[in-house]
Amino acid sequence: MGVTRRFYKEGYMELIERFLTKNRCYTNAIGIKVTGLMLHSVGVGQPRAEVFINRWNNPEVSVCVHAFAQADGKVYQTLPWDYKAWHAGGLANSYYSAGVRCGYVGVEMTEPASLHYTGSGSSFTDSDPAATRTFLNEVFHVAVELFAQLCKKYSLDPMRDIISHAEGHRMGIASDHDDPDALWSRYPELGLSMDRFRSAVKTRMEQEEPMTQQDFDRMMQDYNARNNPTYNTVEQVPAYWQAETQQLVDAGAIGGDGVSPLGVTRSELKAAIIAKRYTDAKLEERA
Ligand SMILES: [Zn+2]
């Protein structure tokens, strides 16, 4: 959980917009109502989103996702979230519900360079299992952060509306891929699973407490107390203004606020003293 805390505490997910403007999913610009989020893993030992972005920003390519998550916390958004993408190879991309075109946002997690796919299905060799474990753990938490934000943005229930590509296939709405579940199952010691992913997103969403009006008012009061305090008595006024403040009180120019003899903020008093000094100077000129 150390990794979780590091990302969460620092809020470490940097969202970078890199729309694939030449990809047909971008140029087709078919809008969807976002009804779910689908998690993928790229299935190739390539940690850098840039490589996929360069390859997929092309009208000939018939695949597109909404974002790529890297283990270093960077997330590249490659398509507006509410555009139809070709990531699931099935109904999850878009379907009609009550006449509304709906669909899943598709997000790919990149994979470490230590993985070497053999070309037959999803089998691979691992040249550095320790590095792989670190990477898988970190990219998991980056994806959690992104999914928590998207669930909030689209009022989704993480326990119900988040699925993996593999789960989508079992539900009959995605092509026959096993990502990312199969990859995680090769490293059981990490304990990564879709169930754990969903509950991590839920926990993450609960961690962020929205600011209430009460919180805001209290912060405003603190801010004012520090930057523009209210003086209730002459004694509370800074020494350099006290004599002039007393004169203003004696002249009845400052009559208190009905509760305390002064009841003026620092900025109000400053304005009053500037006006007084101006008047005093003019009176002196005439004398
Ligand atoms: Zn997939």
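As recorded in an unreviewed UniProt entry, the protein goes by the name N-acetylmuramoyl-L-alanine amidase, listed as coming from Feifania hominis. Database annotation for the protein, UniProt heading Catalytic activity (unreviewed entry): "Hydrolyzes the link between N-acetylmuramoyl residues and L-amino acid residues in certain cell-wall glycopeptides."

Engineer: Tell me about helix 9 (residues 213–227), residues and numbers included.
Structural biologist: For the α-helix, the turn length of 3.6 residues means that residues three or four positions removed from each other point alike. Compared with an ideal rise of 1.5 Å per residue, which puts 15 residues at 21 Å, helix 9 spans 21 Å between its outermost C-alpha atoms and is within 8% of the ideal. By the criterion of burial, helix 9 is predominantly exposed, with just 0 of the 15 residues buried.

Engineer: So what about the confidence of the model for the protein? Which residues, and what values?
Structural biologist: With 95% of its residues at a pLDDT of 70 or more, the protein has an overall mean of 91. pLDDT under 50 marks residues 1–10. Its contacts with residues more than four places away, or in other chains, come to 12 contacts.

Engineer: I'd like a description of the nonpolar core, backed by residues and values.
Structural biologist: Buried together is how nonpolar side chains tend to be arranged in soluble globular proteins. Membership of the largest hydrophobic core comes to 50 residues, with the highest contact counts inside it found for Leu-37, Ala-69, Val-107, Val-139, Ala-143, Leu-146 and Phe-147. For this core, the element with the most residues is helix 4 (residues 129–153), which contributes 12 residues. Excluding residues within four positions of it along the chain, Ala-143 makes contact with Leu-39, Ala-69, Val-107 and Met-109. Tyr-231, Leu-248, Ile-254 and Val-264 belong to the second-largest nonpolar core, a separate cluster that totals 7 residues.

Engineer: Which residues make up helix 3 (residues 49–56), and what values do they have?
Structural biologist: Listed as buried for helix 3 are Ala-49, Phe-52 and Trp-56. All buried residues of helix 3 project into a common sector of 65° when viewed along the axis, lining one side. In this structure, helix 3 carries Asn-54 and Arg-55 as exposed residues pointing more than 90 degrees from its buried face. Elements in contact with the buried residues of helix 3: strand 3 (67–69) and strand 4 (74–77).

Engineer: Tell me about the environment of Asp-250, and name the residues and values.
Structural biologist: Following the sequence through the fold, Asp-250 ends up in helix 10 (residues 239–250). Residue classification places Asp-250 among the exposed positions, given that 9 C-beta atoms sit within 10 Å. Measuring from C-alpha to C-alpha, the distance between Asp-250 and Ala-92 comes to 78 Å, with 158 residues separating the pair along the chain.

Engineer: If you had to explain the environment of Phe-19 to someone new, which residues and values would you point to?
Structural biologist: Relative to the elements of secondary structure, Phe-19 occurs in the loop between strand 1 (14–17) and helix 2 (24–28). Overall, Phe-19 belongs to the partly exposed group, with 17 C-beta atoms counted inside 10 Å. Residues Phe-19 and Ala-67, 48 residues apart in the sequence, show an inter-C-alpha distance of 9.1 Å. Those residues in contact with Phe-19 that sit more than four places away from it in its chain are Tyr-26, Thr-78 and Leu-79.

Engineer: Which residues make up the packing of helix 10 against helix 11 (residues 266–286), and what values do they have?
Structural biologist: Relative to each other, helix 10 and helix 11 sit at 80°, their axes nearing to 10 Å. Considering the angle they form, helix 10 stands roughly perpendicular to helix 11. Between helix 10 and helix 11, the residues in contact are Trp-241, Glu-244, Thr-245 and Leu-248 and Leu-269, Ala-272, Ile-273 and Lys-276, respectively. Of the residues assigned to the contact of helix 10 with helix 11, the class counts are 5 nonpolar, 1 polar and 2 charged.

The rules we used
Residues numbered from 1 in each chain as written. Predicted model: local features only at pLDDT ≥ 70, side-chain atom pairs only at ≥ 80, totals over all residues. UniProt positions renumbered as here; feature names shortened; annotations may be inferred. Helix = DSSP H or I, 4+ residues; strand = E, 2+ residues; numbered from the N terminus. Expected span 1.5 Å × (residues − 1). Buried ≥ 20, exposed ≤ 12 C-beta atoms within 10 Å, placed from the backbone. pLDDT = per-residue confidence, 0-100. Contact = placed C-beta atoms within 7 Å. Core = buried A, V, L, I, M, F, W, Y, C linked by C-beta atoms within 7 Å. Arc of directions from axis to C-beta. Axes fitted to C-alpha atoms, helices over the stretch in contact; angles between N-to-C directions. Parallel < 35°, antiparallel > 145°, perpendicular 65-115°, else oblique. Nonpolar A, V, L, I, M, F, W, Y, C, P; charged D, E, K, R; others polar.

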